Amino acid sequence: MLLALVLALLSGVAMAIQGSLNAALAKVIGLLQATLVVHLTATVTVILLLLFPLSPGSLAKITQVPWYLLLGGIIGVLITYGVVASIPRAGVALATTAIIVGQVTTALIIDHLGLFGLEKIPFTWWKVLGLILLASGACLMLKRI
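Position labels on residues start from 1 in each chain and follow its written sequence. Local features are withheld for residues below a pLDDT of 70 in this predicted model, meaning they are given only at 70 or higher, and side-chain atom pairs are given and counted only at 80 or more; totals for whole chains, interfaces and linings count all residues. Only hydrogens and water are removed before side-chain values are computed, so all heavy atoms of the structure are retained for them.

Draft legend 1. Fine view of the packing of aromatic side chains. Each aromatic pair joins two rings of Phe, Tyr and Trp (for Trp, the six-membered one) with centres within 6.5 Å, and gets the label stacked for planes under 30 degrees apart, edge-to-face for over 60, and tilted for any other angle. Using the criterion set out here, one finds three aromatic pairs in the structure. Taking 5.9 Å as the distance between ring centres and 90° as the angle between the ring planes, the aromatic pair formed by Trp 67 and Tyr 68 counts as edge-to-face. Burial classes follow relative accessibility: with a 1.4 Å probe on protein chains only, a residue under 20% of its type's maximum area counts as buried, one over 50% as exposed, and anything between as partly exposed. The exposure class of Trp 67 is exposed, given its relative accessible area of 63%. With relative accessibility at 35%, the residue Tyr 68 sits in the partly exposed group. Plain terms: the ring middles of Phe 123 and Trp 125 are 5.3 Å apart, the flat faces sit at 75° to each other, and that makes the pair edge-to-face. Exposure remark for Phe 123: the relative accessible area of 34% places this residue in the partly exposed category. A relative accessible area of 67% places Trp 125 in the exposed class. Through a chain of ring-to-ring contacts, three or more aromatic side chains come together here, namely Trp 67, Tyr 68 and Phe 116.

And the structure:
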């Protein structure tokens, strides 16, 4: 569990850096163009990583998955576009905070309902309190004192 949380934390760090880099790229080449470049470089990276399998798996099984599990790529483009568009306007900290509030809200729903075949993790009022505190922190970040 600790390793998973450390990996999640590092992913958050990477997300803030990536969003900043992508926003800077978009200033030079354009928003959709940056989104394309980001996904092309990601595709090349994954293809190279497939040459050195880090985990078991088989692309041959792609025909066995429900159609909605293939929406991740489309959603990834929307995420990249949204992050790249929001960071220059809101700033890295505020945009990232808004992203996290959206992620946590959606994650609570996905956990509670056990969507996409994931294990159900019950909703608790403590989690709601945590979300309220997180959203309150985001509102405080909006204040320009």
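Draft legend 2. Region of the structure containing the confidence of the model for the chain. On a scale of 0 to 100, pLDDT captures the predictor's confidence in every residue. Confidence in the prediction for the chain averages 90 pLDDT; 99% of positions are at 70 or higher. Element-level pLDDT for the chain is lowest in helix H5 (residues 125-142), with a mean of 87, against a maximum mean of 94 in helix H2 (residues 31-50). Each helix is a run of H or I in the DSSP string that is no shorter than four residues. Each strand is a run of E no shorter than two, and both are numbered from the N terminus.

Draft legend 3. Quick peek at the layout of surface pockets. Considering only enclosed or pocket space, the largest pocket measures out at about 230 Å³ in volume. With a 1 Å grid laid over protein atoms only, a set of points is called a cavity when a 1.4 Å probe fits there but cannot get out and a pocket when it is open yet has protein on both sides within 12 Å along at least five of seven lines; lining residues have an atom within 4 Å of a point. Surrounding the largest pocket, Val 46, Leu 49, Leu 50, Pro 53, Leu 54, Ser 55, Pro 56, Gly 57, Ser 58 and Leu 59 form its lining. Each residue belonging to the lining of the largest pocket can be placed in one class, and the counts come to seven nonpolar, three polar and no charged. Grid points are joined across faces, edges and corners, and a volume is the space filled by probe spheres set on the points. Classification convention: Asp, Glu, Lys, Arg as charged; Ala, Val, Leu, Ile, Met, Phe, Trp, Tyr, Cys, Pro as nonpolar; all other residues, Gly among them, as polar.

Draft legend 4. Summary view of helix H4 (residues 92-113). Counted at 1.5 Å a residue, the expected span for H4 with its 22 residues is 32 Å, and the 31 Å between its end C-alpha atoms agrees. Among all positions of H4, only Leu 94, Ala 95, Thr 96, Thr 97, Val 101 and Leu 108 are buried. We call two residues in contact whenever any of their non-hydrogen atoms come within 4.5 Å of each other. Here the buried face of H4 lies against helix H1 (2-29), helix H3 (72-90) and H5. In the stretch just after H4, Gly 114 is the one whose phi turns positive, near 65°. Any helix carries an expected span of 1.5 Å times its number of residues minus one.

Draft legend 5. Broad picture of the side chain of Thr 35. Topologically, Thr 35 is positioned in helix H2. Using a relative accessible area of 4% as the deciding quantity, one classes Thr 35 as buried. Beyond its immediate sequence surroundings of up to four residues, Thr 35 is in contact with Val 77, Thr 80 and Tyr 81.

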